Amino acid sequence: MTEFFITKDTPINDAVLNTIAHIPTEHLPKVVDPDFFRKLEDQDFMRIGTLLAQKSYEEGGCPIGGVIIDSDRQIIGKGHNTLGQENDSTTHGETAALRDAGRVAKLRGDGPVDFRKTTMLTTLTPCEVCCAQIKHRCNFAKVVIGDVTNAPSTEPILRAGDNGIKNVEILEDPKAVALYKEYAEKRPDMNLIDWRGHKELDRAIEAGEVPGKFAAKAARGISQRGDATRLPGHV
């Protein structure tokens, strides 16, 4: 019988959830009792996303995390935004989790993941590009959004159309909201680039909404916390 490091009786707290956030997804079945995941509520999985967002922020990146769970409440994919770390404008929290799910399935010898019975939890309301992925490529059974305070909610976009996600919930995590607020205030340039690109940053600078000094920062791609690099153990 497998002995799990995290058992069904392990208390649910941030220390345990942070451990799960940092363990590569493919190793979770060897370390975490499936019954532990089954007792987690959506808010607990959202906190794992928040802890991934914190991980990204500490690496010098944008604090957005994503977690995907299957119908048995097991994590099949997770990740965080890597714009700052890798200069990658395509990897948001949601797409990082999608890529992770595909990677883990590939390790098992499986083909493309069928997301239609799974749930996506994201710490910030998805951008329009991620909404398209969530709706048209994946068609999730459920999407849970963890922050509509720091950006206008895209719930209507997720719900709209024949491929719309019918089950969309707002479940704000106060820690995620506070973390992203701090990031947006300290790095308005990267925040705007991540959402709308350099054109939006130029518009904001011309309108006096963002100090011009951030244009040079954005061009260098340097975080106030130092050069953003991909760290060992990145998930």
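Each value, and the rule that gives it
- Residues numbered from 1 in each chain as written.
- Predicted model: local features only at pLDDT ≥ 70, side-chain atom pairs only at ≥ 80, totals over all residues.
- Heavy atoms only, no water.
- Helix = DSSP H or I, 4+ residues; strand = E, 2+ residues; numbered from the N terminus.
- Buried < 20%, exposed > 50% of the residue type's maximum accessible area, 1.4 Å probe, protein only.
- Contact = heavy atoms within 4.5 Å.
- Areas by Shrake-Rupley, 256 points an atom, 1.4 Å probe, with all protein chains shown as cover.
- Phe/Tyr/Trp six-rings, centres within 6.5 Å; stacked < 30°, edge-to-face > 60°.
- Core = buried A, V, L, I, M, F, W, Y, C linked by side-chain atoms within 4.5 Å.
- Pairing = 2+ DSSP bridges.
- Axes fitted to C-alpha atoms, helices over the stretch in contact; angles between N-to-C directions.
- Left-handed = near helix turned anticlockwise from the far one by under 90°.
- pLDDT = per-residue confidence, 0-100.
- Parallel < 35°, antiparallel > 145°, perpendicular 65-115°, else oblique.
- Nonpolar A, V, L, I, M, F, W, Y, C, P; charged D, E, K, R; others polar.
- Polar contact = N/O pair within 3.5 Å; in protein donor to acceptor, adjacent residues only side chain to side chain.
- Expected span 1.5 Å × (residues − 1).

What follows covers the overall build of the chain. Summing up its helical and strand segments, the chain has twelve helices and seven strands in all. Classification of the 235 residues of the chain by burial places 51% in the buried group. Long-range pairs, those at least 24 residues apart, make up 67% of the contacts in the chain with a sequence separation of at least 6. Here the chain has roughly 11300 Å² of accessible surface; of this, 52% comes from carbon and sulfur atoms.

So, about the packing of aromatic side chains. Scanning all chains against the criterion turns up five aromatic pairs. Relative to Phe 45, the ring of Phe 37 has its centre 6.3 Å away and its plane inclined at 20 degrees; by these criteria the two rings are stacked. Where Phe 115 meets Phe 140, the ring centres are 5.2 Å apart and the plane angle is 45 degrees; that geometry is what we call tilted. Of the two residues, Phe 115 is situated in the loop between α6 (93-107) and β3 (119-122) and Phe 140 in the loop between α7 (128-138) and β4 (142-145); the sequence distance between them amounts to 25 residues.

Core analysis: the largest hydrophobic core is formed by 22 residues, its most contacted members being Ile 20, Val 32, Phe 36, Phe 37, Phe 45, Ile 48 and Ile 75. Elements represented by at least two residues in this core include exactly α1 (14-22), α2 (28-31), α3 (34-38), α4 (42-58) and β1 (65-69). Counting residues per element, this core draws most heavily on α4, at five residues. Once residues within four sequence positions are removed from consideration, Ile 48 is found in contact with Leu 17, Ile 20, Ala 21, Val 67 and Ile 75. Counting 18 residues, the second largest nonpolar core, distinct from the first, contains Ile 76, Ala 105, Met 120 and Cys 138.

Let us now look at the sheet that holds β4. Spatial strand order, β2-β1-β3-β4-β5: five strands in an open sheet with mixed pairing. Of all strands in the sheet, those bounded by a partner on one side alone are β2 (75-80) and β5 (168-170). Averaged over all pairs of adjacent strands, the angle between their axes in this sheet comes to 15 degrees, without regard to strand direction. Pairing geometry for β1 and β2, over five bridges, is antiparallel. Considered in β2, the bridge of Val 67 is made with Lys 78. α4 rests against β1, β2, β3, β4 and β5 of the sheet, and its axis sits at about 145 degrees to β1. Relative to β2, α6 is tilted by about 135 degrees, and along the sheet it contacts β1, β2 and β3.

Interhelical geometry of α1 versus α4 gives an angle of 65 degrees and a closest axis separation of 9 Å. The hand of the α1/α4 crossing is right-handed. Two secondary-structure elements touch here, α1 through Asp 14, Leu 17, Asn 18, Ile 20, Ala 21 and His 22 and α4 through Asp 44, Arg 47, Ile 48, Leu 51, Leu 52 and Lys 55.

Below, the discussion takes up the confidence of the model for the chain. Scored by pLDDT, the chain comes out at a mean of 89, with 89% of its residues at no less than 70. Predicted confidence is poor over residues 222-235, with pLDDT under 50, and the contacts of this stretch with residues over four places away or in other chains come to 35 contacts.

For any two helices packed against each other, the geometry comes down to the angle between their axes and how far apart the axes lie. The geometry of α4 relative to helix α9 (residues 174-186) is characterised by a closest axis approach of 9 Å and an angle of 25 degrees between their N-to-C directions. By the angle between their axes, α4 is roughly parallel relative to α9. In this structure, α4 meets α9 at a crossing whose hand is left-handed. When α4 is examined against α9, the residues Arg 47, Thr 50, Ala 53, Gln 54 and Tyr 57 are found in contact with a partner set consisting of Lys 175, Ala 176, Leu 179, Glu 182, Tyr 183 and Lys 186. Each residue belonging to the contact of α4 with α9 can be placed in one class, and the counts come to five nonpolar, two polar and four charged.

It is worth spelling out the side chain of Thr 10 at this point. By the secondary structure assignment, Thr 10 is in the segment before α1. Exposure remark for Thr 10: the relative accessible area of 14% places this residue in the buried category. A polar atom in the side chain of Thr 10 sits 2.9 Å from the backbone nitrogen of Thr 7. Apart from residues lying up to four places away in sequence, Thr 10 is in contact with Phe 5, Val 16, Phe 36 and Lys 39.

So, on to α4. In a regular helix each residue adds 1.5 Å, so 17 residues correspond to 24 Å; α4 covers 24 Å between its end C-alpha atoms and thus fits that length. α4 sits mainly inside the fold: 14 of its 17 residues count as buried.

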